[in-house]
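Results of the structural survey
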Amino acid sequence: MQQVISVWVRDPRIQKNDFWHAYIDYEICLHTNSVFFTKKISRVRRRYSEFVWLRQKLQANSLLMIQLPQLPPKNPFFSLNNAQQVADRMKGLQTFLEKIFQSNLVLSDSCLHLFLQSQLSISKIESCVAGKTSFSVAQAVQSSGLRRFHSEEDLQRDPSVSCDSDSDSSECRDPRHEKRELTLNKSKSAATLDLRGTCQEEMLSCSSGSP
(Lines give C-alpha, C1' and ligand atoms only; values in the text may rest on other atoms or scores of the structure.)
Protein backbone atom coordinates (compact mmCIF):
# COMPACT_ATOMS: atom_id res chain seq x y z
CA MET A 1 0.00 0.00 0.00
CA GLN A 2 1.28 3.43 -0.92
CA GLN A 3 2.18 5.56 2.07
CA VAL A 4 0.63 9.00 2.10
CA ILE A 5 1.19 12.01 4.36
CA SER A 6 -1.43 14.71 3.92
CA VAL A 7 -1.00 17.98 5.79
CA TRP A 8 -2.99 21.20 5.90
CA VAL A 9 -1.96 24.48 7.47
CA ARG A 10 -5.13 26.48 7.99
CA ASP A 11 -7.34 28.50 10.34
CA PRO A 12 -5.08 31.45 11.25
CA ARG A 13 -6.02 33.01 14.58
CA ILE A 14 -4.75 36.11 16.33
CA GLN A 15 -3.54 35.36 19.85
CA LYS A 16 -2.88 38.19 22.29
CA ASN A 17 -0.13 38.02 24.90
CA ASP A 18 -1.26 41.36 26.29
CA PHE A 19 -2.76 44.64 25.09
CA TRP A 20 0.29 45.55 23.01
CA HIS A 21 1.59 42.18 21.80
CA ALA A 22 -0.17 39.71 19.53
CA TYR A 23 0.72 36.99 17.05
CA ILE A 24 -0.96 34.57 14.65
CA ASP A 25 -0.92 30.83 15.04
CA TYR A 26 -2.10 28.22 12.57
CA GLU A 27 -3.79 24.87 12.79
CA ILE A 28 -1.78 21.96 11.39
CA CYS A 29 -3.92 18.99 10.44
CA LEU A 30 -2.13 15.74 9.63
CA HIS A 31 -3.61 12.60 8.10
CA THR A 32 -1.30 9.72 7.20
CA ASN A 33 -0.83 5.99 6.88
CA SER A 34 2.96 6.31 7.02
CA VAL A 35 4.90 3.88 9.17
CA PHE A 36 6.89 6.84 10.48
CA PHE A 37 3.86 8.04 12.46
CA THR A 38 2.29 6.02 15.25
CA LYS A 39 -0.61 8.48 15.41
CA LYS A 40 -2.28 8.60 12.02
CA ILE A 41 -4.48 11.66 12.50
CA SER A 42 -3.65 14.72 14.57
CA ARG A 43 -4.09 18.43 14.96
CA VAL A 44 -2.03 21.10 16.68
CA ARG A 45 -1.59 24.88 16.59
CA ARG A 46 1.82 26.48 15.93
CA ARG A 47 3.10 29.98 15.20
CA TYR A 48 5.66 31.15 12.66
CA SER A 49 8.52 31.47 15.17
CA GLU A 50 8.01 27.81 16.11
CA PHE A 51 8.38 26.82 12.47
CA VAL A 52 11.68 28.76 12.45
CA TRP A 53 12.82 26.74 15.47
CA LEU A 54 11.75 23.48 13.79
CA ARG A 55 13.71 24.15 10.63
CA GLN A 56 16.85 25.09 12.57
CA LYS A 57 16.54 22.00 14.75
CA LEU A 58 15.94 19.60 11.87
CA GLN A 59 18.82 21.08 9.91
CA ALA A 60 21.18 20.71 12.88
CA ASN A 61 20.03 17.16 13.59
CA SER A 62 20.55 16.13 9.96
CA LEU A 63 24.29 16.93 10.30
CA LEU A 64 24.12 18.77 6.96
CA MET A 65 23.38 15.55 5.08
CA ILE A 66 20.37 17.26 3.54
CA GLN A 67 19.46 20.85 2.77
CA LEU A 68 16.02 21.72 4.05
CA PRO A 69 13.66 23.93 2.05
CA GLN A 70 13.23 27.52 3.09
CA LEU A 71 10.37 28.88 5.12
CA PRO A 72 8.38 31.82 3.79
CA PRO A 73 10.61 34.84 4.48
CA LYS A 74 10.09 36.96 7.55
CA ASN A 75 8.52 40.24 6.52
CA PRO A 76 9.30 43.26 8.73
CA PHE A 77 6.08 44.83 7.43
CA PHE A 78 3.95 41.76 8.09
CA SER A 79 0.51 42.75 9.36
CA LEU A 80 -1.79 40.49 11.33
CA ASN A 81 -4.72 42.20 9.65
CA ASN A 82 -3.47 41.79 6.09
CA ALA A 83 -5.39 38.79 4.79
CA GLN A 84 -3.19 38.33 1.72
CA GLN A 85 0.04 38.34 3.74
CA VAL A 86 -1.43 35.85 6.21
CA ALA A 87 -2.66 33.58 3.40
CA ASP A 88 0.72 33.69 1.63
CA ARG A 89 2.57 32.80 4.81
CA MET A 90 0.15 29.99 5.59
CA LYS A 91 0.61 28.54 2.10
CA GLY A 92 4.38 28.79 2.46
CA LEU A 93 4.34 26.94 5.78
CA GLN A 94 2.29 24.12 4.28
CA THR A 95 4.65 23.87 1.31
CA PHE A 96 7.59 23.66 3.71
CA LEU A 97 6.02 20.73 5.57
CA GLU A 98 5.10 18.93 2.36
CA LYS A 99 8.70 19.18 1.14
CA ILE A 100 10.38 18.00 4.35
CA PHE A 101 8.06 14.98 4.45
CA GLN A 102 9.94 13.70 1.41
CA SER A 103 13.00 12.98 3.55
CA ASN A 104 13.06 9.78 5.61
CA LEU A 105 15.80 11.31 7.73
CA VAL A 106 13.54 14.17 8.72
CA LEU A 107 10.58 11.84 9.25
CA SER A 108 12.69 9.93 11.79
CA ASP A 109 13.34 13.04 13.88
CA SER A 110 11.53 13.12 17.23
CA CYS A 111 11.40 16.91 17.15
CA LEU A 112 9.19 16.78 14.07
CA HIS A 113 6.76 14.36 15.69
CA LEU A 114 6.46 16.39 18.86
CA PHE A 115 6.05 19.58 16.86
CA LEU A 116 3.23 18.13 14.75
CA GLN A 117 1.51 15.80 17.18
CA SER A 118 1.83 17.13 20.71
CA GLN A 119 0.77 20.23 22.61
CA LEU A 120 4.24 20.70 24.10
CA SER A 121 5.95 24.07 24.02
CA ILE A 122 9.30 24.35 22.26
CA SER A 123 11.22 24.25 25.54
CA LYS A 124 9.29 21.12 26.60
CA ILE A 125 9.98 19.48 23.23
CA GLU A 126 13.70 20.05 23.68
CA SER A 127 13.58 18.64 27.22
CA CYS A 128 11.57 15.61 26.11
CA VAL A 129 13.93 14.79 23.25
CA ALA A 130 16.88 15.15 25.63
CA GLY A 131 15.27 12.66 28.03
CA LYS A 132 14.76 15.27 30.75
CA THR A 133 11.04 14.77 31.20
CA SER A 134 9.06 12.13 33.06
CA PHE A 135 7.37 11.12 29.79
CA SER A 136 8.75 9.77 26.54
CA VAL A 137 8.25 11.12 23.02
CA ALA A 138 5.69 8.39 22.30
CA GLN A 139 3.78 9.18 25.49
CA ALA A 140 3.71 12.89 24.67
CA VAL A 141 2.29 12.17 21.23
CA GLN A 142 -0.33 9.71 22.41
CA SER A 143 -1.50 11.87 25.31
CA SER A 144 -2.41 14.79 23.05
CA GLY A 145 -5.87 13.33 22.45
CA LEU A 146 -7.67 11.48 19.66
CA ARG A 147 -8.28 13.66 16.65
CA ARG A 148 -9.86 13.04 13.27
CA PHE A 149 -11.10 14.89 10.21
CA HIS A 150 -14.64 14.89 8.91
CA SER A 151 -12.90 13.53 5.80
CA GLU A 152 -9.98 14.42 3.59
CA GLU A 153 -12.38 15.49 0.85
CA ASP A 154 -14.39 17.72 3.20
CA LEU A 155 -11.29 19.51 4.43
CA GLN A 156 -9.99 20.11 0.91
CA ARG A 157 -13.38 21.19 -0.39
CA ASP A 158 -14.33 23.44 2.55
CA PRO A 159 -11.50 24.78 4.74
CA SER A 160 -14.08 26.18 7.20
CA VAL A 161 -14.65 22.63 8.46
CA SER A 162 -12.31 21.93 11.34
CA CYS A 163 -10.98 18.67 12.68
CA ASP A 164 -13.07 16.68 15.11
CA SER A 165 -11.63 16.27 18.58
CA ASP A 166 -12.73 14.36 21.62
CA SER A 167 -11.19 16.98 23.89
CA ASP A 168 -11.63 20.28 22.01
CA SER A 169 -15.17 20.07 20.75
CA SER A 170 -15.78 23.79 21.19
CA GLU A 171 -12.99 24.57 18.73
CA CYS A 172 -13.69 21.87 16.18
CA ARG A 173 -17.15 22.66 15.02
CA ASP A 174 -18.25 23.93 11.64
CA PRO A 175 -18.80 27.72 11.99
CA ARG A 176 -21.95 27.36 9.92
CA HIS A 177 -23.51 25.27 12.70
CA GLU A 178 -22.58 27.90 15.27
CA LYS A 179 -24.27 30.64 13.23
CA ARG A 180 -27.33 28.46 12.82
CA GLU A 181 -27.58 27.89 16.56
CA LEU A 182 -27.29 31.61 17.29
CA THR A 183 -30.25 32.20 14.98
CA LEU A 184 -32.24 29.50 16.72
CA ASN A 185 -31.89 31.20 20.08
CA LYS A 186 -33.81 34.23 18.83
CA SER A 187 -37.09 32.37 18.71
CA LYS A 188 -38.07 29.51 21.01
CA SER A 189 -40.79 28.30 18.68
CA ALA A 190 -38.49 28.35 15.67
CA ALA A 191 -35.72 26.83 17.73
CA THR A 192 -37.76 23.75 18.52
CA LEU A 193 -38.25 22.98 14.85
CA ASP A 194 -34.82 23.95 13.53
CA LEU A 195 -32.91 22.37 16.39
CA ARG A 196 -34.09 18.94 15.37
CA GLY A 197 -32.51 19.33 11.95
CA THR A 198 -29.32 20.77 13.45
CA CYS A 199 -28.99 17.97 16.00
CA GLN A 200 -29.46 15.38 13.28
CA GLU A 201 -26.68 17.00 11.27
CA GLU A 202 -24.40 17.13 14.32
CA MET A 203 -25.09 13.49 15.11
CA LEU A 204 -24.30 12.42 11.55
CA SER A 205 -21.05 14.42 11.42
CA CYS A 206 -19.86 13.38 14.85
CA SER A 207 -21.07 9.80 15.19
CA SER A 208 -18.01 8.35 13.49
CA GLY A 209 -15.76 10.24 15.89
CA SER A 210 -17.49 9.09 19.07
CA PRO A 211 -15.30 7.02 21.40
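These notes cover the structure that comes with them. (Residues numbered from 1 in each chain as written. Predicted model: local features only at pLDDT ≥ 70, side-chain atom pairs only at ≥ 80, totals over all residues. Heavy atoms only, no water.)

1. A word on the pattern of salt bridges
Tallied over the full model, the rule gives 6 salt bridges. Of the charged contacts, one joins E27 and R10 as a salt bridge, the two residues approaching to 2.3 Å between their closest N and O atoms. Of this pair, E27 sits in strand β2 (residues 22-32) while R10 sits in strand β1 (residues 5-16); the two residues are 17 residues apart in sequence, bridging distant segments of the chain. With a relative accessible area of 1%, E27 lands in the buried category. For R10, a relative accessible area of 8% gives the class buried. Among the salt bridges present, the one from R45 reaches D11, with a minimum N-O distance of 3.1 Å. A residue pair is termed long-range when its members are at least 10 positions apart, and R45 in strand β3 (residues 41-47) and D11 in strand β1 qualify at 34 residues. Each member of the salt-bridge network shares a partner with another, and the members are D11, R13, D25 and R45. (Salt bridge = Lys/Arg side-chain N within 4 Å of Asp/Glu carboxyl O. Helix = DSSP H or I, 4+ residues; strand = E, 2+ residues; numbered from the N terminus. Buried < 20%, exposed > 50% of the residue type's maximum accessible area, 1.4 Å probe, protein only.)

2. Regarding helix α5 (residues 122-129)
Within α5, the full set of buried residues consists of I122, I125 and C128. The buried residues of α5 occupy an angular sector of 120° when the element is viewed end-on, so they sit on one face. Looking at the buried side of α5, the elements it contacts are β3, α1 (48-61), α4 (110-117) and α6 (137-142). Looking at the residues trailing α5, positive phi occurs at G131, about 75°. (Arc of directions from axis to C-beta. Contact = heavy atoms within 4.5 Å.)

3. Comments concerning the packing of α1 against α5
Where α1 contacts α5, the axes come no closer than 11 Å and their chain directions differ by 25°. One finds that α1 runs roughly parallel with respect to α5. Here E50, W53 and K57 of α1 lie close against α5, whose contacting residues are I122, I125 and E126. Looking at side-chain class alone, the contact of α1 with α5 contains 3 nonpolar, no polar and 3 charged residues. (Axes fitted to C-alpha atoms, helices over the stretch in contact; angles between N-to-C directions. Parallel < 35°, antiparallel > 145°, perpendicular 65-115°, else oblique. Nonpolar A, V, L, I, M, F, W, Y, C, P; charged D, E, K, R; others polar.)

4. A closer look at the pairing of β1
Strand residues, when the strand is regular, have side chains that alternate between the two faces of the sheet. Sheet analysis places β1 next to β2, joined by 10 bridges and oriented antiparallel. Within β2, the residue paired with Q15 across the bridge is Y23. In this antiparallel pair of consecutive strands, β1 and β2, the connection spans 5 residues. (Pairing = 2+ DSSP bridges.)

5. Concerning a nonpolar patch on the surface
A cluster of nonpolar side chains, namely L63, M65 and L105, defines an oily patch on the protein surface of about 340 Å² accessible area. Looking at the element boundaries, L105 is found in helix α3 (residues 104-107). L105 sits in the partly exposed class, given a relative accessible area of 37%. (Patch = residues over 30% accessible without salt bridge, like charges linked within 9 Å, V, L, I, M, F, W, Y side chains within 5 Å. Areas by Shrake-Rupley, 256 points an atom, 1.4 Å probe, with all protein chains shown as cover.)

6. Let's talk about the sheet that holds β2
Each strand in a sheet pairs with another by means of backbone hydrogen bonds, the pair being arranged parallel or else antiparallel. The strand order β1-β2-β3 describes an open sheet built from 3 strands, whose pairing is antiparallel. Each end of this open sheet is capped by a strand with a single partner; those strands are β1 and β3. Across the sheet, the mean angle separating the axes of adjacent strands is 20° when strand polarity is ignored. Its contacts with the sheet put α4 on β2 and β3, and the angle it makes with β3 is roughly 90°.

7. Let's talk about the packing of α1 against helix α2 (residues 83-100)
Packing of α1 against α2 brings their axes to within 12 Å, and their N-to-C directions diverge by 25°. Judged by the angle between their axes, α1 and α2 are roughly parallel. Crossing of α1 against α2: the hand is left-handed. Mapping the contact onto sequence places Y48, F51, L54, R55 and L58 in α1 and R89, L93, F96, L97 and I100 in α2. Here the residues of the contact of α1 with α2 are counted per class, giving 8 nonpolar, no polar and 2 charged. (Left-handed = near helix turned anticlockwise from the far one by under 90°.)

8. What to know about α2
An ideal rise of 1.5 Å per residue puts 26 Å on 18 residues; α2 measures up with 26 Å between its terminal C-alpha atoms. Regarding α2, the residues found buried are Q85, V86, R89, M90, G92, L93, Q94, F96, L97 and I100. Packed against the buried residues of α2 are β1, β2, α1, α3 and α4. Its side-chain oxygen at 3.1 Å from the backbone nitrogen of Q84, N82 defines the N-terminal cap of α2. (Expected span 1.5 Å × (residues − 1). Polar contact = N/O pair within 3.5 Å; in protein donor to acceptor, adjacent residues only side chain to side chain.)

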